[in-house]
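Report on the structure
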Amino acid sequence: MAERRLGIIMNGVTGRMGTNQHLVRSILEIRNEGGLPLKDGTRVVPDPILVGRNEDKLRRLAQRYEVARWTTDLDGALADKKDEVFFDAASTQLRAGLVKKAIAAGKHVYVEKPTADTFEDAYEIYKLAEKAGIKHGVVQDKVYLPGLRKLKMLLEAGFFGRILSVRIDFGYWVFEGDLQPIQRPSWNYRKKDGGGLILDMIPHWQYVIGQTFGDIKSLVCHAVNDIPKRWDENGEAFAADTDDSAYAILQLANGITAQINFSWCVRVRRDDLVTFKVDGTKGSAVAGLHDCWTQANVNTPRPIWNPDARVNADYFADWQLMPDTQAFTNAFRIEWEMFIRHLFGEGEWRHGLLEGAKGLQLVEAAHRSNRERKWIDLEKLA
Ligand SMILES: NC(=O)c1ccc[n+]([C@@H]2O[C@H](COP(=O)([O-])OP(=O)(O)OC[C@H]3O[C@@H](n4cnc5c(N)ncnc54)[C@H](O)[C@@H]3O)[C@@H](O)[C@H]2O)c1
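Calculation notes
Residues numbered from 1 in each chain as written. Predicted model: local features only at pLDDT ≥ 70, side-chain atom pairs only at ≥ 80, totals over all residues. Helix = DSSP H or I, 4+ residues; strand = E, 2+ residues; numbered from the N terminus. Rg over C-alpha atoms; globule rule 2.2 N^0.38 Å. Pairing = 2+ DSSP bridges. Near = placed C-beta within 6 Å. Nonpolar A, V, L, I, M, F, W, Y, C, P; charged D, E, K, R; others polar. Domains from an automatic or database assignment. Contact = placed C-beta atoms within 7 Å. Axes fitted to C-alpha atoms, helices over the stretch in contact; angles between N-to-C directions. Parallel < 35°, antiparallel > 145°, perpendicular 65-115°, else oblique. Left-handed = near helix turned anticlockwise from the far one by under 90°. Buried ≥ 20, exposed ≤ 12 C-beta atoms within 10 Å, placed from the backbone.

In this section: the overall build of the protein. Scanning the protein for helices and strands turns up nine helices and 18 strands. What you see for the protein is a C-alpha radius of gyration of 22 Å, in line with the 21 Å of a compact globule of 382 residues. Across its three principal directions, the C-alpha atoms of the protein cover 75 × 55 × 40 Å.

This is how it looks when you write it as structure tokens:
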């Protein structure tokens, strides 16, 4: 069987997402299974080079996972013609500049979300990528989560009838870092380092809603900085000066209303850390990360409002759990496989940098709505 090596420069790979999702669960799994088969049987075998700032961390990561190549010299890596793809999972603020360099070096680019920290930069790198004729993409993993794939199947089956509304409820308690160590990187809570809940999460909501339910027409958003003091990885106190809770309402072009509550300052009492609830005329569903529960019109109980009587009803028991009818591959890996196929002209690809720019457009609309306390209409991007 023919093999085709694919050299991938993986920048920021010692970080949380870079190591766990992209290196270990995606690229190395594909490599260790002998590569990704193309239609003609050729196997594309990823050959990553790990790039970062800390030599010691890189060496240990490379040794642990038996990766032969690593370097702290990004420019040197970009200059090597044998490596065709630039991937970035470093912190957000550096991204647009790195992507420009990579495009100038003739690389195909695939990057974590958000693709930049401003819409202007996000749109510029999309234009540059198109002009250079390279293949480009942004990580939009959430649509490949098992829960959302089940939701998508309900949509395709016409389960909902006419969809009326969508409710996204996201969040969990992120420890402040004084009593217990933090469980997210501290830069997420510093404005100057590219932190903030809206910048982090709105890009996800944009593509989940846009690609599942329809184009977003306008939004109103209220954001709050609930916890102004946190402690970092070294136990040092710092001013947490970004939004860490937000509340948005969106109108879709097709008339659906979507509502999003998202926060790093809420304690979980729902089915999952994120839930997507859809209500339609013929049925409703709630998807979490893995599971999806449905209630069809004909299975809907008759609620009677009577606050004077205690009703010992288990409202959760009125929902039916959708079965796992297939093995679900890791969502990041699914998208990597699609991107690699796209590099070789195969399969569908709908996660280009224009989609990334749409995320930043919604981020800026949310900030503006919050600042000016009003609804913002979104222009359709060309
Ligand atoms: N798709 C998702 O679900 C998802 C989830 C979380 C984070 N992210 C995105 O992934 C990116 C990384 O987030 P994370 O949570 O892994 O953060 P992290 O802090 O764990 O990792 C960031 C990495 O960037 C590196 N880095 C920082 N400054 C650098 C510099 N000047 N030069 C080179 N490298 C530098 C760090 O050393 C680290 O390896 C962010 O853009 C974030 O928005 C995506």
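Further remarks concern the sheet that holds strand β17 (residues 320-321). Read across the sheet, nine strands follow the order β17-β16-β15-β14-β8-β13-β12-β9-β18 without closing on themselves; strand pairing throughout is mixed. The sheet is open, and its two edges are formed by β17 and β18 (376-377), each paired on a single side. In the sheet, strand β14 (residues 274-280) pairs with strand β15 (residues 283-287) via four bridges, with the strands oriented antiparallel. Within β15, the position partnered with Val278 by the bridge is Ala285.

Further remarks concern the site of the ligand. By nearness alone, 20 residues border the ligand, and Gly15, Arg16, Met17, Ala90 and Pro185 come closest of all. The element best represented in the shell around the ligand is helix α1 (residues 16-32), accounting for three residues. A breakdown of the residues in the shell around the ligand according to their chemical character gives seven nonpolar, seven polar and six charged. Each of domain 1 (3-141 + 331-351) and domain 2 (145-330 + 360-376) gives at least three residues to the shell around the ligand.

By domain assignment, the protein separates into domain 1 (3-141 + 331-351) and domain 2 (145-330 + 360-376). The straight-line distance from the C-alpha centre of domain 1 to that of domain 2 is 28 Å. Each side of the interface is counted separately: domain 1 has 19 residues, and domain 2 has 15 residues. Of all the secondary-structure elements, those providing two or more residues to the side of domain 1 that touches domain 2 are α1, α5 (119-132) and α8 (331-343). Among the elements that take part in the side of domain 1 that touches domain 2, α8 stands out by supplying four residues, more than any other. When its residues are assigned to classes, the side of domain 1 that touches domain 2 shows seven nonpolar, seven polar and five charged.

So, on to the packing of helix α7 (residues 197-212) against helix α9 (residues 353-372). Direction vectors running N to C along α7 and α9 enclose 120 degrees, while the axes themselves pass 8 Å from each other. What the angle tells us is that α7 and α9 run oblique. Classified by chirality, the crossing of α9 by α7 is right-handed. Along the contact surface, α7 presents Ile198, Leu199, Ile202, Pro203, Gln206, Tyr207 and Gly210, while α9 presents Glu355, Lys358, Gly359, Leu362, Val363, Ala366 and His367. Of the residues assigned to the contact of α7 with α9, the class counts are eight nonpolar, four polar and two charged.

Considered for burial, the residues of helix α6 (residues 146-156) that qualify are Pro146, Gly147, Leu148, Lys150 and Leu151. Residues of α6 that are buried sit in contact with α7, β14, β15 and β16 (292-296). Taken from the residues just after α6, Gly158 is the one with a positive phi, measuring 75 degrees.

Cis geometry is adopted by the peptide bond preceding Pro114, which originates at Lys113 and carries an omega value of -20 degrees. With respect to the element layout, Pro114 can be found in the loop between β6 (108-111) and α5. A positive phi angle, near 55 degrees, is found at Arg373, a position not held by glycine. Structurally, Arg373 can be placed in the loop between α9 and β18. Among the residues examined, Arg373 registers 9 C-beta atoms within 10 Å and is labelled exposed.

Another point: the pairing of β16. Two elements, β15 and β16, share five bridges in a ladder whose sense is antiparallel. Directly across from Ala285, in β16, lies its bridge partner Thr294. Turn length for the β15-β16 hairpin, with the two strands adjacent in sequence and antiparallel, is four residues. In this structure, β16 lies alongside β17, joined through two bridges in antiparallel fashion. In the strand pairing of β17, Trp293 is matched with Leu321.

What follows is about the packing of α5 against α9. Across the interface, α5 lies against α9 with an axial gap of 8 Å and an inter-helix angle of 170 degrees. In terms of their interaxial angle, α5 and α9 are classed as roughly antiparallel. The crossing of α5 and α9 is left-handed. Between α5 and α9, the residues in contact are Phe119, Ala122, Tyr123, Ile125, Tyr126 and Ala129 and Leu353, Leu354, Gly356, Ala357, Leu360, Gln361 and Glu364, respectively.

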